[in-house]
Each structure stands twice: as structure tokens, then as C-alpha cells.
Amino acid sequence: MLEAGADDPALGTAGRRLLIDDPYAKAKSLLLNEIVAANRCSCVWHPDFSMSTVFGQPGDLDAVELLFTSLLTQATAAMVTAGRTAGPRARERSFRQSFLVAFASRIGERLREATAIAVDEARARHGEEVLPVLANSEAAARSARDDAFPRLRTQRISTSNYHGWVAGQAAADAAHLGPEPAIERGRP
């Protein structure tokens, strides 16, 4: 991005739609929002259409889509595993909702930490000129979102199950955020 320049039209903002279906679509959209924010993008959740529209640079959109798919899969698997160990309370809707909200919240914290480290490394390597480029990318995503959806409102999500929250936080701490080493032959 630095080599191309902040005003290069090839870096144009695009939009992409991602499916977010029930159950727990609101909690899943929170996970997507956390990922989007960490990748200089912006999004709008459309609950009536079971999807979100994400705006950002094409490379950032690719990263968002890949990370969302990976983390949603990891969250689902961890929730099923927690259900086996937590007993009957894990079958309660409040447990699963709290699990996914906690997972999304903790993933957001981890991604913000990773983003801060990556920005510091980029600043050390490329100097302060990296900051305006990142800021322009983020501002362009917000502008594209606001142009497409001028009347937005925020939503709240609540949790009520302590055990689900704790299990979701633990699962997020164990989640893989980046590329993993290749699977060794003969080992799952």
C-alpha cells in the first residue's frame, strides 16, 4: 500500500456480502464486527436478510472473510466441546449466546493487540508514513459504508450466563488467529 500510494485508485474500496445465519446471528455479527474493525474495514448487519455488507480494500476484505470463516468454525467447535463438558446448562440458549458474545469480545481484544503490534512493526520498517495510509484506508471504508447506508443505528447485545461467558473467553484465548503450520503426515 505504501509503494502504491494512499491515493491510488487501484486501492479502491469495495463491498462484500457475508452470510450470517441463525441461530445466534446477532452474536455472530458481533464476531464479524470485531474482525472488521481490526482490519480497517466497516460493516453493516442486515438481520432481515441474514447477511452483513463489509466495506474495505480488496485485500482487507479477503482477510476479513477468511478470518471470520475460520473463527466462526473454531467457535462452533469449541461450543460443542464445551457442551460436552459443561453438562445440561450448556444446552441452554443463554449459555450458547453468552459463549459466542464472550468469544467475539475476547477475539476483538486479541485482534486489537495483534493490530497494534503489526502497526508498530510497520512504523519501524517504513516510518511514520504508514499511519496516513492506514487511516485513509479506514476512512474510505467508513465513507463507503455511510454512502451506501446513510441511516444506521446501533444495536446492543446482552448476556446472562456466567458459565457460557467464561467458556467463550477460554475458547477465544485458545483460538488460532493466523496461519498454522502444515499438518504433519499421519497426524490430524
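Just so it is clear, the structure is predicted and the values come from calculations on it, not from any experiment.

1. Things to note about the pairing of strand S2 (residues 42-46)
In regular strands, side chains alternate between the two faces of the sheet. Of all five residues in S2, four are buried, a share of seventy percent or more. The sheet contact formed by S2 and strand S3 (residues 51-56) spans five bridges and is antiparallel. Within S3, the residue paired with Cys 43 across the bridge is Val 54. The hairpin turn running from S2 into S3, its antiparallel successor, is four residues long, and Ser 50 in that turn takes a positive phi close to 55°.

2. Structural notes on helix H1 (residues 25-38)
Here H1 contains 14 residues, and its C-alpha end-to-end distance of 20 Å stays within 8% of the 20 Å for a straight helix at 1.5 Å per residue. Judged by how many residues are buried, H1 sits mostly within the fold: 11 of 14 residues are covered. Among the residues of H1, Ala 25, Ala 27, Lys 28, Ser 29, Leu 30, Leu 31, Leu 32, Glu 34, Ile 35, Val 36 and Ala 38 are the ones counted as buried. Looking at the buried side of H1, the elements it contacts are strand S1 (14-19), S2, S3, helix H2 (58-86) and helix H3 (93-126). Looking one or two residues beyond H1, the residue adopting positive phi is Arg 40, at roughly 60°.

3. A closer look at the pattern of salt bridges
One pass over the structure, following the stated rule, counts 11 salt bridges. In this structure, the salt-bridge partner of Glu 34 is Arg 112, at a minimum N-O distance of 2.9 Å. Taken together, the residues Glu 34 in helix H1 and Arg 112 in helix H3 connect sequence positions 78 residues apart. On the basis of relative accessibility, which here comes to 14%, the residue Glu 34 falls in the buried class. In this structure, Asp 173 and Arg 106 form a salt bridge, with 2.5 Å as the shortest nitrogen-oxygen distance. Of this pair, Asp 173 sits in helix H5 (residues 162-174) while Arg 106 sits in helix H3, and the two are 67 residues apart along the sequence. The class for Asp 173 is partly exposed, based on a relative accessible area of 44%. The class of Arg 106 is buried, set by a relative accessible area of 16%. When salt bridges that share partners are traced, they join Arg 106, Glu 109, Glu 113 and Asp 173 into one network.

Cut-offs applied
- Residues numbered from 1 in each chain as written.
- Predicted model: local features only at pLDDT ≥ 70, side-chain atom pairs only at ≥ 80, totals over all residues.
- Heavy atoms only, no water.
- Buried < 20%, exposed > 50% of the residue type's maximum accessible area, 1.4 Å probe, protein only.
- Helix = DSSP H or I, 4+ residues; strand = E, 2+ residues; numbered from the N terminus.
- Pairing = 2+ DSSP bridges.
- Expected span 1.5 Å × (residues − 1).
- Contact = heavy atoms within 4.5 Å.
- Salt bridge = Lys/Arg side-chain N within 4 Å of Asp/Glu carboxyl O.

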